[in-house]
Each structure stands twice: as structure tokens, then as C-alpha cells.
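The lines below spell out each chain.
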Amino acid sequence: MRFRRLFYIVVPSVLFFLIFISDAIRKNVHFEIAGFTLIRELAILLSFFLLYLYLQSGTLKSEYQPVRALRTTFIYLVALLSFNGFVAFLPQGGFESKDLFLVPLDYTTIFSATILGIGSGIFCLSLLISLRQFVYLRRRKGTRRWFAFFLVFLLVTIVATLNLRPMETSTWNLVFFGLTVCLMVVNSFRQTWIVYLSRKEKISIIIYGFLGLLTFALFDVQVSQMTLLNKSLLYYSYGLREFVLVMGIFGTLYIGMMFISTLFHLPTAEALDRKMTEFASLQNLSRLVRQVFDFNELVGTVTKMTLEVCEAKSAWLELVERPRSAHTGEDRGGKTRNVEIVARQNISQEKISQLNSVDGPTLRDLILDQQKVLVIDNVKKDRRIKQFKRLETSIRSLLVVPLISHTEIIGVLYVAKDIPAGFDKDDVNVVSAFADQATIAIENSRLIKESLERERLYREMMVAQEMQRRLLPQALPVIDGIELTAISSPAFEVGGDYYDFMQLNQKQLGIVVADVSGKGVSAAFYMAEVKGIFQSLSKICTSPKEFLIKANDALRESIDRKSFVSMVYSILDTETGELTISRAGHCPVLYLSGETVEYIKPVGLGLGLTDGAIVEEVTQEVQVRLRRDDVCVFYTDGITEARNGDGEEFGYDRLLKVVREARGDSAEGIKERVLHDIYDFLGSDVVDDDVTLVILKWLK
Amino acid sequence: MSEFRITNREVGHVNVLELKGYLDAHTAPDLERALQDLIDGKKYRIIVNFQELSYISSAGLGVFMAFIEDVRKNKGDIKLSNMSSKVYNVFDLLGFPILYEIFKEEREALEKYGAGSKPTSVKG
């Protein structure tokens, strides 16, 4: 490829040089070789053909910019004409007409004719390539064909000059020339691409088109009249002169048409420009709707695009929080809403506050009231906003559009111009469309944020649940002759139920079951505290009563007045089976011995309710001596107060009955029976309170 | 979900709150407000009548604990009356009878106030 391009440029250079040498020799030494003139002519035409191929291969196929191409053409032409003018002032002999031949009178003339010939030729080649690009900008059926016809007739016109002497013409030559001009006219109508230019580009086209037209006219005169340029060309090569003449006319025609059509398209250019911008912006915006992860970027783009599409001075976007409780938010005109300016373009925070600090209803109030687009043509004279009359502001017209989602205003988009009546119907429509798109994007963004937040809270709760599970015994104590089983499950992720065991010494086991009032997170915190209290106090207290008194003191200090903890604490002598029970406002212990089942309910107050003296005074201890197969059931009120669909409680009697029926079973078996009966009673396995069950069976 | 209503009745210098329906974590704030209003109005002689209360949860019990100290500091009291056996059992389980005077009939509670310290006429 590179070699071929080199070939395209080296061969013509060599040929041009040889022709120049031969021309110089011929001036003094007159020799006549048969067909020399024809060979010389063909060599020149071949050189230009190769140069055409060279220029052609260097043309970029992509992104053809009409304005730049036109400007380049214009500059080249001016350069060529300037050179022509410069040559004309050189002291030279010029040409002499002889037998319809042109004879140069000195070497300078030969030299300048050669340079002018090659220069015009190259210029016309690049012009041909440029015009072809223009014509091909918007290809339609026939575009290629008509241009090909033109090229063919151009070639024929040139070929028809081969047998002519420089100063003569033939009918054929004129006919072909005429046909070529006709085809040029056809091709000159390929101007549809002008429509799609921006207004700015169209103005450039008009300017360069006008200048181009003038220079081309000058060029045409130079080439068609008996000027130095024309004579030089005719002397150098008739075919080349024909080509230059055709291209000069083609250039004039095409650029002339270009100038005229652009001139006609100019009035609509602005409207078209705006439609194109609107279209592009809407497209961008709808793309943006999908990328809602960066909220600030989103609202920034919305305001920026609004600004561009209206060619406004400034734009800003406010988000209106949904009405909340009456305690929060600013109070303005009876509407309690929090408003946040989330994006602004070309306007300061202070200016916006200034607009909002007028006496009487603000623009936002008007919008919230009307729920529809507000167009203010003259800020100083509009009767709806009399309060703006005395405001110092450069804003003259305003467009205020509500962002409505599900009949509720979630935000307000403001667009301002510093000229009166700056917003027409198109502006209103397009900004409304923007507002709609923005609403969707903002809503989506909010939803994603909310669901992420929910997800985060859910994870936190899962962590809390796992941590609370670890606050409960990971393994039950294993003691000869005793069966122990336990279960605890919170109503929500975390709860306020607690049970634990403590090997107090070699023969004493502490058993605790507790219930913090309330449910959920607050209960869970107190539950953790109860565990701390149990672990620190149980070992230093010799009796359940003493433990409860101390636990009450500890909790009284930290727990809030509305909360309390109910607890049952027992100490079991694992050798003798002596069980000492104290109760702090908790559910009584179910005790099964032989055929008798009873609730043991020593007097006692919930922990944290009152001060130590009363607790010490009233708290009782009850002792039982366990015998073989005796069962003790400790539980929380989630068991007895489990309510079914009819609002009926599971109750003490049912618990008593199921334990009695299951007394032959192991501790584990009894637990299963109790749970089974509760779920059976509820008709589901969903209990609306924290549930804990600890069962002790004495086997000795 | 569950309905709960409070009626405030003045009998002499005593305020009687009649509770109706379900008193649980959801409705406890209503009772809290009612008691707070009485205390704000310097009315410290209070009887809570449970005649028509069908259910009380631990959160409901907590409300009484929140105010009893304030009331007693001002030489008043919160006395409870007319509990169904079910409601009484809940209070009893937690040891409330030790801390509060619970009467079978509202009349008895009123009499108790009448026999106690002289009514202090504070209004508004």
C-alpha cells in the first residue's frame, strides 16, 4: 500500500520534470517527432490520473465535516489565485500565437506555465474529491450513478481535446462539454445534508459559501478568458485546461447551490437545532433513568439538560419530602414539608433562598397548590406573584414544573431566563417531559436506597440474632441422674427471654428463666444485661432470695421505669434433690410429683419495679425434695399466653394437662409434647411472643 | 388492631379512668398520655377502673410503674379497681398487689380516698 502510494507520486513528478525539460529544449531547438505532442499530452493526463489516485487514497472515509472541507477548498483556491496574480507580475515574455499554437517567449513563461498547470490540476483534483464527498454525504438511489455519468462525460470531454490544437475548438468538444455541465447541475442538487447541520455550522457554510462563490467566479473568468492563466493552461495541456474549466464551473455551481439552500434553511435552523437537542437530551435522560445509583449525578444531569434544552439562564431542582408528623419540618402556609435543593445550575443558594423568602406564598406554594406547570412571563408584572415585585433579581421569566408521582408532588423543577416571556409552548412541553423522566428516575433511586437500607437493617438484625443466640447456653449441663432440656425462640429477630444454668459448686446447680417486659431490640439489650447480672451474682449468692434481691438492686439502677424483668431462680442440690425456688413476678413453676401436678408460686415482685427493702420483705422461698421421675417445668408467659385465632389463651390448665399426660416421657419427650400441643392449639407455629421452656426431670 | 378506650370521670376530688378493650404495647401510650395529663393538671388522686378491660400485657403494666412515684410524692395515689380475675392474675403474678391497692369495687377505692387525707382543692 505504501509502495503503491509512493508510485502514484513519484511517477507524475518524474514525468512533470521530463516534460518541463523537453519544453525548455523545444524553445530553442526546433525538432519535430511524429506524435510527440500527443505523447506529451497523454503523459500529463496519466500523471494527473495517478495523482488523483494518490489524493483519493489519502482521503479519510469517516467523519466528513462539510464546513472544514469547504473552508479548505476556499483557502486552496485563494492560494492558487494569489500565486497566479504573483506570476502575472513577473517579468516574462508571455505567449505568441502561431498556427493556433501557443509559443512561449522565454524560459520564465515555460516555468510559470508548468507550475500554474500542475497547481491548478492538483487543486481541481482535490476539489473533485471534495465535491464527491459532499454529494455522497446523503446517499440516495442514483447518487452514485449520476456522479459516475458526470465522471464519464468529463473524461470524454477531455479525450475530445486530444486532436485539438490549443487555440481551436470542435463541435464534439462543445457537445460533450455541454453534457458534462448538465450532469454537474444534476449533481449540484445533492444538498440534503445541509438540513442536518447545526445552526452554527449553517452560518459558517453561508460565510464560506459566499466567499467561495466570489473566488470561484474570479477563477472561472481567469480560466475561460484569454488571461495568462488560461493561456498557460492551454499551452501546458488542452485536456488539463478542459478539466480545470469543468471543475471551476462545477465548484461554482455546487457551492452556489450550497449557499442558496443553506440560506433558505437558516430560518428553520434554530427550530431544527432545538428539536435535535431535545431529542438527544430525552434520549440521554431515559438512559439515565436506568443508572440511578448516584443520586447527585442524576439530579445534576436533569438540571443541566433542562438548562441546555431551553437555553435558559439558570435551573434548579427541589425535592419535597412527603408530609410527616406535625412536629417536624418547617411550617409554611399550613403545609409542613421539608424541602431540599438537590441540584442547581448557574444560580447560588442565596439567590434561591431570596426567591423563597418573599412575603406571602412562594413559587413552591403555588405549585403545591395547583399541582400543575406554572409559566411566568414577567416576574415583575405577574399578578399571581405580586410579592416578587420588589425583589432584586435578574430573573425575568420563570417556568416551574412539579414532579408528580402517584398524584403526590415529590419535587419542583425551576427554570429561569433573564428575558421576559422566555418560555414558549415547546419549552413547557419538553421540560414537562423532563420532569416526568426525572420523577421516575428519582423514585427509582429512592426505592433502591430504601431497599438497600432495609437490607442493611435486616443483616444487622441477623447479626443481633446470632449474638443473642450465643448469650443462651451453648450446651446443657450434664449431671448424673438429671435430665435437662431447654428451648427459647424470640417472636421477632431478637427477644427478651433468657434462661441459663450455673454450676454453683460441686453439688449445687443454679437454674434461671427470665423475661424482660416488652419485645424486640429494647428487650434484647436488657436480656444481655440480665445475663451479666446472673453470671456475676449467682456464684456469690447462697440462696435464690438473696440473688433476687441483689439482681433487683442491679436492675433498678439501669432499667427504665416502665420496664421490668420477671424471673424465677432455683437452686438444685444435685445430690439430695432439694430444690429451692424463688420467684420475681414470673410465671409459677409447674411441679409434677407422682400423680400430683401443681404450680409453685412463692410470693415475689418483678425485678426493677421497686426498691430493695420491699423486695427483701416480701420475697419468699419454697423448697421441694425431688423424688424419682419428678418433673419441673420452667417457662415464660409466651407459653401460657399464646393466643389462637379466637383470642383464646393456651393457659395454665392446658399446660398442666399436657405435662401430666406426658409424665412417663423423658424431659425431651415432654418438651416435644408441650410444643406440639401449643402449635396444635394455635393452628400454626407462629407465636406472637418470645417463648422459653426449660424442663428438669429427676431420675434418682 | 385491638381497640382501647379511656374515659376520664371526676368524682369529687378523685379522677377515675375507665379502661376498655385491650391494653398492650400498641395502646399503652394512650394510657400514658391520659395519666400524664392528670399529673400535669395536678390531679394526683387517681382510680383506674378495669371493669371493661379484657386484656393487659406486660407493656400495659409498665405504664403504672412510670407514674406511681410522682403521684405518691405528691401525696396522691393510683388505686386499681374492678379487675376481672384474668386481669387480676396478671397483676398478681408480677406482685402488683404488694405495690398497689387493688379493690373489688370502685366505691371502695373512693371511700379509701375519702377516709384518707383531706381533699386539696386544686383546680385548672
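As the structure is a prediction and not an experimental result, all values here were calculated from the model.

Draft legend 1. Highlighting the overall build of chain B. Of the regular secondary structure elements, chain B holds five helices and five strands. Order of helices (α) and strands (β) in chain B, N terminus to C terminus: β-β-α-β-α-β-α-α-β-α. Relative to its full complement of 124 residues, chain B shows a buried share of 39%.

Draft legend 2. Local environment of the overall build of chain A. Summing up its helical and strand segments, chain A has 19 helices and 19 strands in all. Taken over 700 residues, chain A has a buried fraction of 37%.

Draft legend 3. Structural context of the confidence of the model for chain B. Residues and elements named next belong to chain B. Confidence along chain B averages 86 in pLDDT terms, with 90% of residues attaining 70 or more. Per-residue pLDDT stays below 50 along residues 116–124; that stretch engages in four contacts with residues further than four places along the chain or on separate chains. Per the prediction output, this complex has pTM 0.57; the corresponding ipTM is 0.85.

Draft legend 4. The packing of helix α1 (residues 2–28) of chain A against helix α2 (residues 36–58) of chain A, seen in detail. Residue and element names in this part refer to chain A. Running from N to C, α1 and α2 point in directions that differ by 150 degrees, and their axes come no closer than 8 Å. For the element pair α1 / α2, the angle class is roughly antiparallel. The way α1 lies across α2 gives a crossing that is left-handed. Residues Arg5, Tyr8, Ile9, Val11, Pro12, Leu15, Phe16 and Ile19 of α1 pack against Arg40, Ala43, Ile44, Ser47, Leu50, Leu51, Leu53, Tyr54 and Ser57 of α2. Taken together, the residues of the contact of α1 with α2 sort by class into 13 nonpolar, two polar and two charged.

Draft legend 5. Up close: the sheet that holds strand β5 (residues 102–103) of chain B. Residues and elements named next belong to chain B. Reading across the sheet, the five strands line up as β1-β2-β3-β4-β5 and stay open at both edges, with mixed pairing between neighbours. The open sheet has two edge strands, β1 (4–11) and β5, and neither has a second partner. Examined bridge by bridge, β1 and strand β2 (residues 14–23) share eight bridges and lie antiparallel to one another. Across the sheet, Asn8 pairs through a bridge with Leu17, a residue of β2. Together, β2, β3 (45–56) and β4 (77–81) form the strand contacts of helix α2 (residues 58–73), whose direction differs from that of β4 by roughly 140 degrees.

Draft legend 6. Up close: the packing of helix α3 (residues 66–88) of chain A against helix α7 (residues 199–224) of chain A. Residue and element names in this part refer to chain A. Here α3 crosses α7 at 30 degrees, and the two axes come no closer than 9 Å. Viewed along their axes, α3 and α7 adopt a mutual orientation that is roughly parallel. At the point where α3 passes α7, the crossing takes the left-handed sense. Touching Pro66, Val67, Leu70, Arg71, Thr73, Phe74, Leu77, Val78, Leu81 and Asn84 of α3 are Glu201, Ser204, Ile205, Tyr208, Gly209, Leu211, Gly212, Thr215, Phe216, Leu218, Phe219 and Gln222, all from α7. Residues of the contact of α3 with α7, tallied by class, amount to 13 nonpolar, seven polar and two charged.

Draft legend 7. Local environment of the pairing of strand β8 (residues 397–405) of chain A. Residue and element names in this part refer to chain A. For β8, the tally of buried residues reaches seven of nine residues, placing the bulk of the element in the interior. Inspection of the sheet shows strand β7 (residues 374–376) paired to β8 by three bridges, in the antiparallel sense. Considered in β8, the bridge of Val375 is made with Leu399. Adjacent in sequence and paired antiparallel, β8 and strand β9 (residues 408–417) are bridged by two residues, among which His406 carries a positive phi angle near 50 degrees.

Draft legend 8. Structural context of the pairing of strand β1 (residues 95–98) of chain A. Residues and elements named next belong to chain A. Summarising the sheet, β1 and strand β2 (residues 101–104) pair through four bridges and their orientation is antiparallel. Paired with Lys98 across the strands is Phe101, a residue of β2. Once β1 ends, the chain turns through two residues before running back antiparallel as β2, passing Asp99 with a positive phi of about 55 degrees.

Draft legend 9. Region of the structure containing the sheet that holds strand β18 (residues 631–635) of chain A. Residues and elements named next belong to chain A. Pairing is antiparallel in the open sheet, where five strands are placed in the order β10-β19-β18-β15-β16. Where the open sheet ends on each side, the last strands, each with one partner, are β10 (482–489) and β16 (596–600). Each neighbouring strand pair of the sheet contributes to a mean axis angle of 15 degrees, computed without reference to strand direction.

Draft legend 10. Structural context of unusual backbone geometry. Residues and elements named next belong to chain A. Backbone geometry places Asn346, a non-glycine residue, at a positive phi of 60 degrees. Residue Asn346 is classed as partly exposed on the basis of its C-beta count, with 14 C-beta atoms lying within 10 Å. A positive phi angle, close to 70 degrees, is found at Asp629, a residue other than glycine.

Draft legend 11. Examining the interface of chain A and chain B more closely. Listed as interface residues are 16 residues of chain A and, on the opposing side, twelve residues of chain B. For the side of chain A that touches chain B, the per-class residue count stands at six nonpolar, eight polar and two charged.

Draft legend 12. The arrangement of α3 of chain A in detail. All names here are of chain A. With 23 residues, α3 should cover 33 Å at 1.5 Å per step; its first-to-last C-alpha distance of 33 Å lies within 8% of that length. Three or more residues of α3 are buried, namely Pro66, Leu70, Thr73, Phe74, Leu77, Leu80, Asn84 and Val87. Summarising the contacts, the buried residues of α3 are in contact with α4 (107–136), α7 and α8 (228–236).

Draft legend 13. Representation of the environment of Val320 of chain A. All names here are of chain A. Within the secondary structure, Val320 sits in strand β3 (residues 314–320). Val320 gets classed as buried once you count the C-beta atoms within 10 Å, which come to 20. For the pair formed by Val320 and Ile409, sequence separation is 89 residues and the distance between their alpha carbons is 7.1 Å.

Draft legend 14. Molecular detail of α8 of chain A. Of all the nine residues making up α8 of chain A, eight are buried; the element is thus mostly covered by neighbouring parts of the structure. Three or more residues of α8 of chain A are buried, namely Leu228, Leu229, Lys231, Ser232, Leu233, Leu234, Tyr235 and Tyr236 of chain A.

Draft legend 15. The arrangement of the environment of Ala315 of chain A in detail. Relative to the helices and strands, Ala315 of chain A resides in strand β3. Residues Ala315 of chain A and Lys417 of chain A, 102 residues apart in the sequence, show an inter-C-alpha distance of 8.9 Å.

The rules behind the values
Counting restarts for each chain, with residues numbered from 1 along the sequence as it is written. Naming scheme: in the order in which they are written, chains are lettered from A and ligands are numbered from 1. Only residues with pLDDT of at least 70 are given local features in this predicted model, and only at 80 or more are side-chain atom pairs given and counted; all residues enter the totals for whole chains, interfaces and linings. The helix count covers DSSP runs of H or I at least four residues long, the strand count covers runs of E at least two residues long, and both are numbered beginning at the N terminus. Counting other C-beta atoms within 10 Å of a residue's C-beta gives its exposure: the residue is buried at 20 or more, exposed at 12 or fewer, and partly exposed in between, where C-beta atoms are placed from the backbone. Predictor confidence is given residue by residue as pLDDT, running from a minimum of 0 to a maximum of 100. Once C-beta atoms are placed from the backbone, any two residues with those atoms within 7 Å are in contact. Angles shown run from 0 to 180 degrees and are taken between the N-to-C directions of axes, each axis being a line fitted to C-alpha atoms and, for helices, limited to the stretch in contact. Note that the term roughly parallel is reserved for angles under 35 degrees, roughly antiparallel for angles over 145, roughly perpendicular for angles of 65 to 115, and oblique for everything else. For any pair of crossing helices, the crossing counts as left-handed if the nearer helix is rotated counterclockwise from the farther one by less than a right angle, and right-handed if it is rotated clockwise. Only Asp, Glu, Lys and Arg are considered charged, only Ala, Val, Leu, Ile, Met, Phe, Trp, Tyr, Cys and Pro nonpolar, and every remaining residue, Gly among them, polar. Two strands qualify as a pair provided DSSP detects at least 2 bridges between them. Take the number of residues in a helix, subtract one, and multiply by 1.5 Å to get its expected span.

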